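# Close look at the chain arrangement
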Amino acid sequence: MPEIQLHNTLSGKVEPFVPQKPGEVRMYSCGPTVYDYAHIGNYRTFVFQDILRRFLKLRGFQLKHVINLTDVDDRIIANAAAAGRNIREYTEQFAQAFFDDCKTLSIEAPEHWIRATDHIDDMVQLIQRLQANTYTYASEGSIYYRISKFTNYGKLSKIDLTGIQAGARVDNDRYEKESARDFALWKAPKPGEHFWETAIGPGRPGWHIECSAMAMKYLGETLDIHTGGIDLAFPHHENEIAQSEAATGKPFARYWLHAEHLLVDGEKMSKSLGNFFTLRDLFAKGHKPSALRFALASVPYRKQLNFTFDGLTQATNSVERLRNFADRLKHRNFPAGRLGGMAARIAKAAEEFDAGLSDDLNTARALAAVFDLVREANIAMDKSEFRQGDVAATLQFLNTFDKVFAMLEDHDAAKLQALGYGSAEAGLSDAEIEKLIADRTAAKKRRDFAAADRIRKELSDRGIILEDAKDGSVRWKRK
Ligand code: AMP
Ligand code: ZN
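Just so it is clear, the model here is predicted, and its values are computed rather than measured. (Residues numbered from 1 in each chain as written. Chains lettered and ligands numbered in written order. Predicted model: local features only at pLDDT ≥ 70, side-chain atom pairs only at ≥ 80, totals over all residues. Heavy atoms only, no water.)

## Section: the coordination of the zinc ion (ligand 2)
Definition in use: Sodium, potassium and calcium take a 3.2 Å donor cutoff, other metals 2.8 Å, and in both cases only N, O and S atoms count; water is not among them, so sites may look incomplete. By definition, any uninterrupted DSSP run of H or I lasting at least four residues is a helix, any uninterrupted run of E lasting at least two residues is a strand, and each is numbered from the N terminus. Burial classification: accessible surface area is computed with a 1.4 Å probe over protein chains only, and a residue below 20% of its type maximum counts as buried, one above 50% as exposed, and the rest as partly exposed.
With distances of 2.1 to 2.2 Å, the protein atoms coordinating the zinc ion (ligand 2) are C30 (SG), C211 (SG) and H236 (NE2). For the zinc ion (ligand 2), all donor residues lie on one chain, and their spacing in sequence is C-x180-C-x24-H. Of this pair, C30 sits in the loop between β3 (24-29) and α1 (40-58) while C211 sits in helix α5 (residues 207-219), placing them 181 residues apart in sequence. C30 gets classed as buried once you look at its relative accessible area, which sits at 6%. Judged by its relative accessible area of 0%, C211 is buried.

What follows is the structure in structure tokens.
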């Protein structure tokens, strides 16, 4: 098997992936800030992380993977205070929605889901280590990190700090690139807002210290892989490195992987721009989780992904093609024996699938390997050349594909229903209905009755009744 190659933001290069301990991967992924519902841009990054962990598992690595929920943050504290609720009460709805979304999108649970509010002591202890190593100074009840003392500051994002005054302080965790300055490790309480009474004084942690403290608690002082969206490289991850390495004197993370953004009309999808969709928005329009997962996963993670509804419809068709193929394999009876060259063809597809993912998680290349085989096998089936003896190996390959891509089934129907997916109000547009009917007619034409029946059932589940007229045309109406 080829060596796994990954792009490391730290070196700026694609490198062979070699974990510290053979067979084990310690990985930390920055999770959502639970002050609102996550949007599908966030899920692009979370699906990328999921594909990475699933591929590493497929390759036999044992995963120690941590995803945190950022449930302390200036916006959360301010919103909770405004709503007259404590932090847990305020964030719970968004945390639950996030877990539901992950299940719906087949994002596997990591070995540890953790929350910042459960780790305040660990953060305080890390700040105390930084105080002992004289990387901090206090001002008006807050504690700041002195960036000028950490000589390697900027090594991840390659930010140039020349011209930026040392010792200028920012309380805001998310600042623009131009204003890199000392950042707050611990923030003095604000009137009317939540704070913790601790050994370093009353207050609340800064965002960056949360991830350093939690990552090292669960994974040790040097991680194998740290992931996040590209917007986190600076300042968040740069500050995580500065804090962790100043405390331990050891490298904090060996491989840094960053997912590029999901864009809408050329702009980053973000809560602050207001140009975002949640999963609920898409389900309400009748789109399936598997189609979204396909759309998010099909573009390699280091390329920007432009979100469009056309793209989502294409993704739906691609998933459908794979499912029809799987159905065909499972439910048809092919003549006994083997088709000459087919076994080698399947083995080559499996090899190319693995080579694609080993190539810095090139999902497009891996998917091409799958679809090429599907096309060729379908042709062989249409020509009645495909043989029963090749079914098991083909299904096994599809199974390997699905261990990583996880889109051959949309599971958890009850939950989807509760989220508004699949209900009659979900409202398929006329064009979407016509499209499904055309797909069904095409399936009947190629005598793929299982697929045709599935489309009829899907339409019926979504409140559409079909009537086949004698002349071969199809009429439909809403229930
Ligand atoms: P947040 O909840 O803002 O902390 O973001 C959670 C994750 O989503 C982080 O890894 C972000 O980098 C990532 N993220 C935010 N916006 C986008 C986007 N438009 N495309 C891809 N990832 C994003
Ligand atoms: Zn983080």
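## Concerning the packing of aromatic side chains
Definition in use: Any Phe, Tyr or Trp ring, taking Trp's six-membered ring, that has another such ring centre within 6.5 Å forms a pair; planes under 30 degrees apart are called stacked, those over 60 apart edge-to-face, and the others tilted. When the NZ atom of lysine or the CZ atom of arginine is within 6 Å of a ring's centre and also within 35 degrees of its normal, the charge is said to sit over that ring.
In the structure shown here, the tally under the stated rule is 25 aromatic pairs. Summarising the aromatic geometry, the rings of F17 and F61 are spaced 5.9 Å apart at their centres and angled 70° between planes, so their arrangement reads as edge-to-face. Taken together, the residues F17 in the loop between β2 (13-16) and β3 and F61 in the loop between α1 and β4 (62-69) connect sequence positions 44 residues apart. Here F17 matches F61 in class, with each residue buried. Across from the ring centre of Y35, 4.2 Å away, lies the NZ or CZ of R75, which sits over that ring. In this structure, R169 is placed above the aromatic ring of Y144, and the distance from its NZ or CZ to the ring centre is 5.2 Å.

## Looking at the packing of α1 against helix α12 (residues 391-405)
As a reminder, the rule being used: The angle between two axes is taken between their N-to-C directions and runs from 0 to 180 degrees, where each axis is a line fitted to C-alpha atoms and a helix contributes only its stretch in contact. Our angle categories are set so that under 35 degrees counts as roughly parallel, over 145 as roughly antiparallel, 65 to 115 as roughly perpendicular, and the remainder as oblique. Two residues form a contact once any of their heavy atoms are found within 4.5 Å.
At their nearest, the axes of α1 and α12 sit 7 Å apart, and the two run at 135° to each other. What the angle tells us is that α1 and α12 run oblique. Within the contact between the two elements, α1 uses I51, R54, F55 and L58 and α12 uses T400, D402, K403, V404 and F405.

## Some points on the side chain of E15
Inclusion rule: We call two N or O atoms a polar contact when they sit within 3.5 Å, provided that within protein one can donate a hydrogen and the other can accept it, with sequence-adjacent residues counted only if both atoms are side-chain atoms.
Here E15 lies in strand β2. Looking at E15, its side chain comes within polar contact range of the side chain of S11, at 2.4 Å. Residues in contact with E15, not counting those within four places in the same chain, are I4, Q5, L6, N8 and Y255.

## Some points on the sheet that holds strand β16 (residues 305-306)
Rules: For two strands to be treated as a pair, DSSP must find no fewer than two bridges joining them.
Pairing within the open sheet is mixed, and its 3 strands lie in the order β15-β14-β16. Only two strands of the sheet have a single partner each, and these edge strands are β15 (267-268) and β16. The pairing of strand β14 (residues 262-264) with β16 spans 2 bridges and is parallel. Bridge assignment links L262 to a residue of β16, and that residue is L305.

## Topic: the site of ligand 1
The cut-off we apply is this: If a single non-hydrogen atom of a residue is within 4 Å of a molecule or strand, that residue counts as near it. Method for areas: the Shrake-Rupley scheme with a 1.4 Å probe, in which residue coverage is limited to the protein chains shown. Ten residues, namely Ala, Val, Leu, Ile, Met, Phe, Trp, Tyr, Cys and Pro, are considered nonpolar, four, namely Asp, Glu, Lys and Arg, are considered charged, and the remaining ones, Gly among them, are considered polar.
In the vicinity of ligand 1 lie 19 residues, with T33, T45, D231, L262 and M269 positioned nearest. A distance of 3.0 Å is found between an oxygen atom of ligand 1 and a side-chain nitrogen or oxygen belonging to N42. Taking 490 Å² as the accessible area of ligand 1 by itself, protein coverage stands at 96%. Going through the elements one at a time, α1 and β12 (223-229) are the ones with two or more residues in the shell around ligand 1. The element contributing the most residues to the shell around ligand 1 is α1, with 4 residues. When the residues that make up the shell around ligand 1 are grouped by side-chain class, the tally is 5 nonpolar, 9 polar and 5 charged.

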